[in-house]
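Observations on chain architecture
The chain contents come next:
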Amino acid sequence: METTTAGQSISPATKDLMHECTETQQLTLLPQAHTYKSLRIVLIKPSQYDDDGYVIRFWKAVLPSNTLSVLQGLTEDIKRRRVFGDITIQVDTFDEVAEKVPVKQIVKWDRHPSTKLVVCLVGVQTPQFPRALEMGKEFRKYGIDVMMGGFHTSGTINMLGDQGPDIQELYRESIVVVSGEVEGHWEGILADVLNGQLKPLYSFAQNLKDLVNIDNAPLPIISRKTMKHFARPNFGTVETSRGCPFSCSFCTIINVQGRMMRERSPDAIAELIRRNYTEHRIDFYFFTDDNFARKKWWRETFEAIIRLREEEIKISFMMQVDLARKPQDFVRLAAEAGCTQVFVGMESVNPDNIKVQGKGQNKVEEYKAIIGEWHDAGVAVHVAYIIGMPFDTKAQVALDMQYLVDEIQPDQASFFMLTPLPGSQDHKEMQEHGEWMDPDLNKRDSFHATTAHPRMTTEEWTAAYQEAWQAFYSKENMAKILSRWQHTPRTYWNLLNVYLWYKNAALIEKQHPMVAGFFRLKDRLTRRPGCSVDPLPVHLWKRTKEVYRLFVAWARFLKEMEEVWLQSRPRPERERRVLDEVQRIQGEIWQTLKVAEWQKAYNDAKVALPSKARALLDPFEELSSKMLLSRRDLNVFLKKWGSLQIKIQTLHRGWAWGDGPAKKWLEQLYALHRDARQSMKVREWQEVYSGFRGRLPSRLDLLYARFDALSNRIVCSRQDLNACWARTRAHLGEMRIWHLHLSALAVACFKEVFLTTAFARSLFASIRQKGKNTTAST
């Protein structure tokens, strides 16, 4: 009996039919194959079902599938070498997250007697298996050959053998199972397609120490048609190596691609980048290697990309690395090669969690220094973080998030719920011990609770996961992160665009960003078996309500991101220096006049003061946040601030409400004001403000700026606008229309439109600048 890498068995019957390819085969086409004039290969990357049974699909997706490109490259290589003689080969690619798969059209393609058609469901991960299975059944109804491969089938067979119910169901449906990598074997499988001799199982990963060499394997080819369905057609994904030397227990990579690093040659990577840049204008990559830092040829790969940049092929990229110490020059060369972001598997800030998951290369005490090293090189850091590790509790996760945000300070985070995926050691051990796992594979997507947690209920675990997203992508944290990158506009705008994508996906669309896109689409007729199909009017009514709620959520989100941008936006160096001077002198004035103390005392006194006194003094609270930009502004402010003493003195003398706490507060306010006036340096301040003439930004640019007396700094915010709209809603809700100030509403409307326009203009300008850079380089 044949055994897998993990010692699990494959049945003798299957072994007899299994197509093992360890050496290059001499391909022989039978007479039946020569009845075909063409071979049409349909490559489909399936999506998954949502919790309501609808296929997850978006108007525009974000992350392209590397598997589709790899298989198209292998197929085009076979075509170029004319392996099948005069039989023409045509490839069609579909990524179901981004486009509807035209099942009926594909069935029609199969009706041509001179065409042999095969459907390949590729890159299938565990949560996509139920959808892939149903799609495969649909094609099998029409007698079309169907194959399925990806991490689910590969991981399952490598660790558990082929006797599991999911693999057995594929056999029953006559869907061909592919396990492992097909470089060097693809033409043999396609020959079996033409000969009508497909086997139930093709397994190429029985020995993880003797996997295919990808050094000079055919290069991936991008489908221009498929990329039209993505938000950024200039975004490519490619793997420069496979495997990972570490042994994390939750990982499937090491049990499918092995722990020995295998790499494409640096020259091949350079050729791929040059070709994609010339043909498709691809200028940004996600290198999907599980661990770029452990490549043998990392230096040569970076140097090859640097040489391309010298040729004006200035691509940028993000890559996955570990949190262990990097080889010398790794970070520096990565930045020189165009790395703008690294994706690191942090997983947890709790050392006990790290230890139990076998991730000994992670040292929590080194996180901050390692991230700081990347930041010093101008590279943003994106961390993967797992919620639901054995030592997690709901309260502890919240504390860990605070520590992550305040101390570790990564720039981006992706959160996952600990999930036992077939192909991982965790899954194998749980199965052997008979531990409960949710049998619905559709939920094994790392954002559903699929096991029993030792310290949290399912509800607590789910809440901790959702609150982690909310904490990291809070308005305050996004503004703080972006403020760190004000001096690096490229990184600033990259991160802001990512925040638009991530927060929309995780907190509005309610999908994980790595499988999500923009604007969810729902096909009424394509639902998971067991879910009823709604009548058209019912479906339209439901979708109308969903889209309405979505647009309301987007409007609120846009306003939130405007606030983040206002607080953190990059400014030219000259403008920053001038505003720093303004902030310094106004801070000095505010300290001299004790404005912060006055404001704090007044806030404490409000409860005790009668309404008439508050009405008299409230305007001065607004005055304390006013920006002073000129000598005239200073003089007007000092005049109004001086009149405050007179009003307080008048109130104090005419006090008719006894000797209670209100009078004591009033005496304190008066004393603060009196003492402050004795230290005023009006002439000196006026001279400083005279020197600002002609150097300041326009007042429109500072329309949303105010001075925060408590922190003594300039703050740009839409806080005043939010307060205006809140008052307006309150007045309308209570039908107090006579309290509305039309002039104030007109000003608020103008500021709202101006702000939205300015934000959109800046955002699109950053996108256009990228396009110009690409065009200029070309």
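Throughout what follows, the structure given in this document is the object of discussion. Since we're looking at a predicted model, the values are computed, not measured.

The rules behind these values
Residues numbered from 1 in each chain as written. Predicted model: local features only at pLDDT ≥ 70, side-chain atom pairs only at ≥ 80, totals over all residues. Heavy atoms only, no water. Helix = DSSP H or I, 4+ residues; strand = E, 2+ residues; numbered from the N terminus. Buried < 20%, exposed > 50% of the residue type's maximum accessible area, 1.4 Å probe, protein only. Contact = heavy atoms within 4.5 Å. Areas by Shrake-Rupley, 256 points an atom, 1.4 Å probe, with all protein chains shown as cover. Polar contact = N/O pair within 3.5 Å; in protein donor to acceptor, adjacent residues only side chain to side chain. Pairing = 2+ DSSP bridges. Axes fitted to C-alpha atoms, helices over the stretch in contact; angles between N-to-C directions. 1 Å grid on protein atoms, 1.4 Å probe; cavity = no way out; pocket = protein on both sides within 12 Å on 5 of 7 lines; lining within 4 Å. Points joined across faces, edges and corners; volume = space filled by probe spheres on them. Nonpolar A, V, L, I, M, F, W, Y, C, P; charged D, E, K, R; others polar. Arc of directions from axis to C-beta. Core = buried A, V, L, I, M, F, W, Y, C linked by side-chain atoms within 4.5 Å. Salt bridge = Lys/Arg side-chain N within 4 Å of Asp/Glu carboxyl O.

1. Regarding the overall build of the protein
Across its full length, the protein carries 27 helices and 20 strands. Per-residue burial over the protein gives 55% buried out of 778 residues. Partitioning the contacts of the protein with sequence separation of at least 6, the portion at a separation of at least 24 is 78%. If you sum the accessible surface of the protein, you get close to 35,300 Å²; carbon and sulfur atoms cover 53% of it.

2. Observations regarding the side chain of Ser223
With respect to the secondary-structure elements, Ser223 resides in the loop between strand E9 (201-203) and helix H8 (224-227). Within the structure, Ser223 has its side chain in polar contact with the side chain of Thr93 (distance 3.1 Å). Setting aside chain neighbours within four positions, we find Ser223 in contact with Gln72 and Thr93.

3. Here's the deal with unusual backbone geometry
Although it is not a glycine, Ser174 sits at a positive phi angle of roughly 60°. Mapped onto the fold, Ser174 is located in the loop between helix H6 (165-172) and strand E8 (176-179). We classify Ser174 as partly exposed; its relative accessible area is 44%. The phi angle at Asp329 is positive, at roughly 75°, despite the residue not being glycine. Take Asp329: it is sitting in the loop between strand E14 (316-321) and helix H11 (330-337). What makes Asp329 partly exposed here is its relative accessible area of 27%.

4. Describing the sheet that holds strand E3 (residues 38-45)
In space, the six strands of this open sheet follow the order E5-E3-E6-E7-E8-E9, with parallel pairing throughout. On the outer flanks of this sheet lie strand E5 (88-95) and E9, each paired with one strand and no other. Across this sheet, the average inter-strand angle for adjacent strands is 20°, counted without regard to direction. Its contacts with the sheet place helix H2 (residues 66-80) against E3 and E5, and it is angled at close to 175° to E5. Where helix H5 (residues 151-160) meets the sheet, its contacts fall on strand E7 (145-149), E8 and E9, and the angle it forms with E8 comes to roughly 75°.

5. Overview of empty space enclosed by the protein
The tally for this structure, following the rule as stated, stands at three cavities of 30 Å³ or more. Its boundaries defined by the atoms lining it, the second largest cavity holds a volume of some 120 Å³. Around the second largest cavity, the lining is made up of 15 residues, and of these Pro64, Ser65, Ser69, Ser223 and Met227 lie nearest the centre. Elements with a contribution of two residues or more to the lining of the second largest cavity: H2, H8 and strand E10 (235-238). Taken together, the residues of the lining of the second largest cavity break down into seven nonpolar, eight polar and no charged.

6. Digging into the sheet that holds strand E15 (residues 339-347)
Neighbouring strands of a sheet are bound in pairs by backbone hydrogen bonds; such pairs are parallel or else antiparallel. In spatial order, the strands read E10-E13-E14-E15-E16-E17; together these six strands make up an open sheet with parallel pairing. Only two strands of the sheet have a single partner each, and these edge strands are E10 and strand E17 (412-417). Adjacent strand axes in the sheet meet at a mean angle of 20°, parallel and antiparallel pairs treated alike. Strand contacts of helix H16 (residues 458-472): strand E16 (380-387) and E17, with the helix running at about 175° to E17, the strand carrying the most contacts.

7. Quick word on the layout of surface pockets
In this approach, a probe sized like a water molecule rolls over the atoms, and the result shows the empty space that is left. Its boundaries defined by the atoms lining it, the largest pocket holds a volume of some 1,500 Å³. Considering the residues around the largest pocket, the lining is formed by 50 residues, among which Ala231, Arg232, Asn497, Phe518 and Ile767 are closest to the centre. Where the lining of the largest pocket is concerned, the elements lending two or more residues are strand E4 (57-61), H8, strand E13 (284-287), E15, E16, helix H18 (489-508), helix H19 (536-568) and helix H27 (742-777). Here the lining of the largest pocket is built from residues that sort into 29 nonpolar, 14 polar and seven charged. When its volume is computed, the second largest pocket comes out at roughly 1,200 Å³. Lining the second largest pocket we find 34 residues, and of these Glu622, Ser625, Arg706, Asp720 and Lys751 sit closest to its centre. If you list the elements that add at least two residues to the lining of the second largest pocket, you get helix H22 (611-623), strand E19 (705-708), helix H26 (719-733) and H27. A total of six residues in the lining of the second largest pocket trace back to one element, the largest contributor, which is H26.

8. Details of helix H13 (residues 367-376)
Within H13 the residues assigned to the buried category are Tyr367, Ile370, Ile371 and Trp374. One side of H13 carries all its buried residues, which in axial view fall inside an arc of 95°. Contacts made by the buried residues of H13 are with E14, H11, E15, helix H12 (351-356), E16 and helix H14 (394-408). Of the residues flanking the end of H13, it is Gly378, one or two places downstream, whose phi is positive at about 85°.

9. Re the nonpolar core
Residues Phe302, Phe317, Met319, Trp374, Ile387, Phe415 and Leu496 are the most contacted members of the largest nonpolar core, which totals 152 residues. Broken down by element, the residue count for this core peaks at 12 residues, all from H18. In this view, Phe317 contacts Phe284, Tyr285, Phe287, Phe302, Ile305, Ala334, Ala337, Gly338, Cys339, Thr340 and Gln341; residues no more than four positions away in its chain are not counted.

10. A word on the pattern of salt bridges
Per the counting criterion, the structure on display carries 47 salt bridges. Note that Glu181 is salt-bridged to Arg262, the shortest N-O span being 2.7 Å. One end of the pair, Glu181, is in the loop between E8 and helix H7 (186-195); the other, Arg262, is in strand E12 (residues 262-263), with 81 residues separating them in the sequence. Judged by its relative accessible area of 11%, Glu181 falls in the buried class.

All quantities given are derived from atomic positions and should not be read as evidence of function.
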